[in-house]
Structure formats: C-alpha cells, structure tokens
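Overview (structure and organization)
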Amino acid sequence: MTDIFQPPAHPEALPEFALGVLDPEERTSMLAHLTHCATCREELHELSAVADRVAAQAPPVEPQAGFEDRVLARLDGVGAPRALIPHGLAASGVRRASRTAANRGDQRRFTWRQVAAVAAAASIVVGAGTAIGMAAGSTSSNNPVATGATTGGWYATLLVGPSGPVGKVFVDSDGHPWMSMGISGSNLGTLRCELVSPSGKVVTLGTFEVSSQGGYWATYIPSAADGATIVRLVDTSGKMVATATMR
Amino acid sequence: MGIPVSSLSDEALLSGFASGDRELSVAFIRRFQSRVYGVALAVLGDQTGAEDVAQQAFERAWRHGSVYDARRGSVGTWLAAITRNLAIDSTRVKKAYPVEIGALLAAMSAGPNDPEDKALESESRREVGRALRQLPPEQARAVVLAAMVGMSASQVAAAEGIPLGTAKTRIRSAMRRLRDNLRDPVLDVRVVEPASD
C-alpha cells in the first residue's frame, strides 16, 4: 500500500493557483483538494476573476502595422472556426480527449470555473505549464472505473517509469469518474494516456505534453474504460514511459 | 446602410470574428490588438515573441469565440487571460523574463498617456487600477509580477530580493485584498489633486 497516500492540501496557496504560477506538484495536490472542497472552489472562482482582471491591466501597445492582415492570413491557413467547448457540455455527448499542440494551454482559469460550474462533465487537459484547459468530452456514466474502487471516493497511486517513480495519479471514482496526473520535469514530449483492463482492452484517454518543467493532465474517464486496472503512458514512438496500478 | 462596425459592441464583433465575417474580423482585431499585444509584451518583453503570442491569442479567440460567456467578464478581460496564459507557457519554454519590470510598473501606475486611450479605458480597468493603487506598494509589485509577468513566488522573491515566504505572503495578501476591494470598490484618494491656477 505504499503507493496510496493522501496528498497535502494547501488552500492558502489558492491565489498562486488562480494566477497559474504554482509548480506542477503543488497544482496536482491543489486540484485534488479542490475536487472535494466547495469552499475553496468558490474562493478560486473569485480569485481567478481577480487574476484575469489584473492581467488585463497591461499597458496597451500597438503591434507593427499590418497585424490584422497577419492574423487573418494565419486563420486562413488553419481552417474553419470550431467550438472546442460547446455550452451545455454535459449534455453534448461530444468527445475530444486528444488535442493538438495548437489547442493546448489556453483558458486555464476560465475553464476551471466552467469545470466547477458543471460539476465536472468533460475531459480536462492541463498543459506543461500551469494551464488548465478543457477539451470537450463525453459525459460518462456513474460507473466507477477502477476495479476494486469499493465505495467510490478518490485515491492516489504512483506513476512508475523504468528508473522509478516519475509522478502521481489521482483517481476520483465518485459521480463522473476522472483522473489527474502530475509528472516531474523530464522533457518526455507528447505522451498518450491509456487505460488497460485485465482482458487486455485498451482505452486511449488522450495526449498531453511533458516539458522539462514537468506536466500535468487530467481527464474524465469514459464508461468504456470500466474495469481498467492499469494506467500507462506511451510516447510518440510507442515506448512505454510509465505505468500506475489502479485499485 | 448598416450600423457602422465601430459602433458595434465587443460581443457583436467577437461573434462576427468567430463566424468568419471578414469586415467584422478586421474591426475586432483592430479594436483589441493593442491590448492583446500589450499583455503579450508585458510577459515576454520582446516584440517578435509578443507578435507570435498575440496572433495565437486571436486564433484562440476565433476558435472559441462561440463559447465566450459575457457573465464571466468582458471580451477584453477574456482575451487578456488567453494571451497571458499563452505568453506564460512561452516563457516557461524559454525560462526567461526579459521584461523591463520597472517600466511596466511605472506605466501601470501612470495609466494610459494618450488621451484617446484614456477615453477608451474601460471602467473595469480603472476600477482594477484603483484597487491596485490601494495596496501597499510591495504587495502591488508582487501581484503584478505574478499576474502580469507570470512569475512564480520564487521568481518574485529573486526579482525583489526577498525571502520566498515573504513573496508568497505578499502575493496572497494582495490577491485577497484585491478581491475584497473589487467586490466593494474603494475610493482612490490618490487621484485627487489640488486645484492649480
């Protein structure tokens, strides 16, 4: 049972979390705490609004002439606009667990507030920085995902690579099951997260980036992954980078 | 004749931008480009990086414009948050904070110089500016460095030459005081100047 522990909560660090300047390890603990603390979620909502407003105080500076043409040329090259996070997400049934690099990292606090508001109804992607982004995801059933997750609730387990522990996974099997993970700085690049059941069935949950600063990622767990017992992270070459055992 | 685009609301322009209307897109970008670029420049400190981040920010706005919710804040604040987050991610890759912090703080406390910019400055911005000026200066500096430049508490500590615990305390106190002050706005007594003739 050495891989199961209670992460420390640091609610006094909510301002830094709202500002997006906590390191990955602290963010992981804070997020785990937030899932069960409505008071802190409410304070985070308020502090995030403050952080956004202070950020908007930067003195306006005109870019070089022709900026709008360069933006429009850029947009012409990337295709038609598409809503990544439709309103009414919980009912949308849209799944988009994997995101392109261009889509990562935006709207961290903004989307956290959305997460809190909809009581967790989609997959959450957190970039290598402080970003908490959200990709539209399926509204999974109330089935607990982890075999042995007896009465629901959450637990933590170590992510172990070839040279030892590289991070932690938090699993919350209450309500809409979801999981988050934090990886210490190791510049692993793009990793694919998979859940594996004892029968060998593999469900891919999405991809995320791990830079030299580490990485943090969270996602909702679809009912298709019910019964999964292993979390595994695979790099772009197909090499297994780390695994964790689910209860 | 339709309504001049210059008289359209921020939300209407964003809607036009997100739907791909060329004229409204140009108007939207022009309306917000200085603020978006300013936020990016505040974090990155170099024009090339700021230009790229500003373009990315508009791309994000274009992709996600349909999910913008006015109840969460103004279009300008929303765009600024997107820009800041992109810029901070960029600095994490570069691990550099080349910003002229002193100049940034001075510009912030002075507010816009240009009369046109002054006129355009929203009440929301003025309110935040007043709330920042109500903080003890050392707290205001700490929260600006964290919120605008994207510095962690340890980076604020290094930049200010103070212990890490002090930096954390300043950031946390400042954020909570700002929240309270913005919830219950206070008068900015410092802007009251004696009459001169």
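Going along each chain's sequence as written, the residues are numbered from 1 onward. Each chain gets a letter, beginning with A, and each ligand a number, beginning with 1, in the order they are written. Local features in this predicted model are restricted to residues of pLDDT 70 or higher, and side-chain atom pairs are both shown and tallied only at a pLDDT of 80 or more, whereas totals for entire chains, interfaces and linings draw on every residue. Excluded from the side-chain calculation are hydrogens and water; included are all heavy atoms of the structure.

Some words on the overall build of chain A
If you tally the helices and strands in chain A, you get six helices and ten strands. Exposed residues in this analysis have more than 50% of their type's maximum accessible area, buried residues have under 20%, and partly exposed residues fall in between, with area computed by a 1.4 Å probe over protein chains only. Within chain A, the proportion of its 247 residues that are buried is 55%. Contacts in chain A between residues at least 24 apart in sequence constitute 62% of all its contacts with a sequence separation of at least 6. Working definition of accessibility: Shrake-Rupley area with a 1.4 Å probe, residue cover restricted to the visible protein chains. Total accessible area on chain A stands at roughly 9,100 Å², and carbon and sulfur atoms take up 55% of it. Here a strand is any run of E in DSSP of at least two residues, a helix any run of H or I of at least four, and the numbering for each starts at the N terminus. We call two residues in contact whenever any of their non-hydrogen atoms come within 4.5 Å of each other.

A few points about the pairing of strand β6 (residues 189–196) of chain A
Residues and elements named next belong to chain A. Bridge count for β6 against strand β7 (residues 202–210) is eight bridges, and the pairing is antiparallel. Bridge pairing in β7 places Gly 189 opposite Val 210. Between β6 and β7, which pair antiparallel and follow one another directly, the connecting turn spans five residues, one of which, Gly 200, has a positive phi of 95°. Across six bridges, β6 lies against strand β9 (residues 230–235) in antiparallel orientation. Opposite Leu 191, over in β9, you have Asp 235 as the bridge partner. Being paired, for any two strands, means DSSP has found at least two bridges between them.

Remarks on the confidence of the model for chain A
It should be kept in mind that the predicted coordinates are not to be read in detail where pLDDT is low. Residues and elements named next belong to chain A. pLDDT measures how confident the predictor is about each residue, on a scale from 0 to 100. A residue-level look at chain A finds 60% of positions with pLDDT of 70 or above and a mean pLDDT of 65. Across chain A, element-level confidence peaks in helix α1 (residues 14–19) with a mean pLDDT of 92 and bottoms out in helix α5 (residues 89–92) with 24. Overall, residues 1–6 carries pLDDT values under 50, and its contacts beyond four positions in sequence, including any with other chains, amount to ten contacts.

What to know about the environment of Gly20(B)
Residues and elements named next belong to chain B. By the element assignment, Gly 20 lies in the loop between α1 (10–19) and α2 (22–44). A relative accessible area of 45% means that Gly 20 is categorised as partly exposed. In sequence terms Gly 20 and Trp 62 are 42 residues apart; their C-alpha atoms lie 8.1 Å from each other.

Quick look at the packing of aromatic side chains
Note on ring pairs: Phe, Tyr and Trp rings are taken, using the six-membered ring of Trp, and paired if centres are within 6.5 Å. Classes follow the plane angle, with under 30 degrees stacked, over 60 edge-to-face and the rest tilted. A complete count under the given rule lists five aromatic pairs over all chains for this structure. When the centroid spacing of 4.7 Å and the interplanar angle of 20° are considered together, the rings of Phe17(B) and Phe28(B) count as stacked. Taken together, the residues span a long stretch of sequence, with Phe17(B) in helix α1 and Phe28(B) in helix α2 at a distance of eleven residues. Each of the two residues, Phe17(B) as well as Phe28(B), counts as buried. Ring plane angle 50° and centroid distance 5.2 Å describe the contact between Phe28(B) and Phe32(B), whose orientation is recorded as tilted. Highlighted residues: Phe28(B) and Phe32(B), both in helix α2, separated by four residues, approximately one helical turn. Residue Phe28(B) is classed as buried on the basis of its relative accessible area, which comes to 0%. We classify Phe32(B) as buried; its relative accessible area is 2%. Taken together through their ring pairs, the aromatic side chains of Phe67(A), Phe17(B), Phe28(B), Phe32(B) and Phe58(B) make up a single cluster.

So, the packing of helix α8 (residues 137–147) of chain B against helix α10 (residues 164–183) of chain B
Packed helices, taken two at a time, are described by the angle their axes make and the gap between the axes. Residue and element names in this part refer to chain B. Between α8 and α10, the shortest axis-to-axis distance is 8 Å and the interhelical angle comes to 95°. Between α8 and α10, the interaxial angle falls into the category roughly perpendicular. When α8 is examined against α10, the residues Glu 138, Gln 139, Ala 142, Val 143 and Ala 146 are found in contact with a partner set consisting of Arg 170, Ile 171, Ser 173, Ala 174, Met 175, Arg 177 and Leu 178. Looking at the contact of α8 with α10 residue by residue, the class counts come to seven nonpolar, two polar and three charged. Helix axes use the C-alpha atoms of the stretch in contact, all axes being lines fitted to C-alpha atoms, and the angles between their N-to-C directions lie in the range 0 to 180 degrees. Comment on the angle field: the value is read as roughly parallel under 35 degrees, roughly antiparallel over 145, roughly perpendicular from 65 to 115, and oblique elsewhere. Residues are grouped as follows: Ala, Val, Leu, Ile, Met, Phe, Trp, Tyr, Cys and Pro are nonpolar; Asp, Glu, Lys and Arg are charged; every other residue, Gly included, is polar.

Re the pattern of salt bridges
The term salt bridge refers to a pairing of a side-chain nitrogen on Lys or Arg with a carboxyl oxygen on Asp or Glu at a separation within 4 Å. The full count for this structure, using the stated rule, is 16 salt bridges over all chains. For Glu43(A), the salt bridge is made with Arg176(B), and the minimal N-O distance between the two is 2.7 Å. On the criterion of chain membership, the pair formed by Glu43(A) in helix α3 (residues 38–55) and Arg176(B) in helix α10 is interchain, its members lying in two chains. The network of salt bridges with shared partners includes Glu43(A), Glu46(A), Arg176(B), Arg179(B) and Asp180(B).

Regarding the side chain of Gln33(B)
Positionally, Gln33(B) belongs in helix α2. Sequence-distant contacts of Gln33(B), that is, excluding residues within four places in its chain, are made with Val61(A), Glu62(A), Pro63(A), Phe67(A), Glu68(A) and Phe58(B).

Focus on helix α4 (residues 67–76) of chain A
Each full turn of the α-helix corresponds to 3.6 residues, which orients residues three or four apart in the same direction. Those residues of α4(A) not exposed but buried are Phe67(A), Glu68(A), Val71(A), Leu72(A) and Leu75(A). Taken down its axis, α4(A) places every buried residue within 130° of arc, on the same side. Residues of α4(A) that are exposed and point over 90 degrees away from its buried face: Asp69(A) and Asp76(A). Against α1, α2 and α3 (47–64) of chain B lie the buried residues of α4(A). Note that the arc is defined by the directions from the helix axis to the C-beta atoms.

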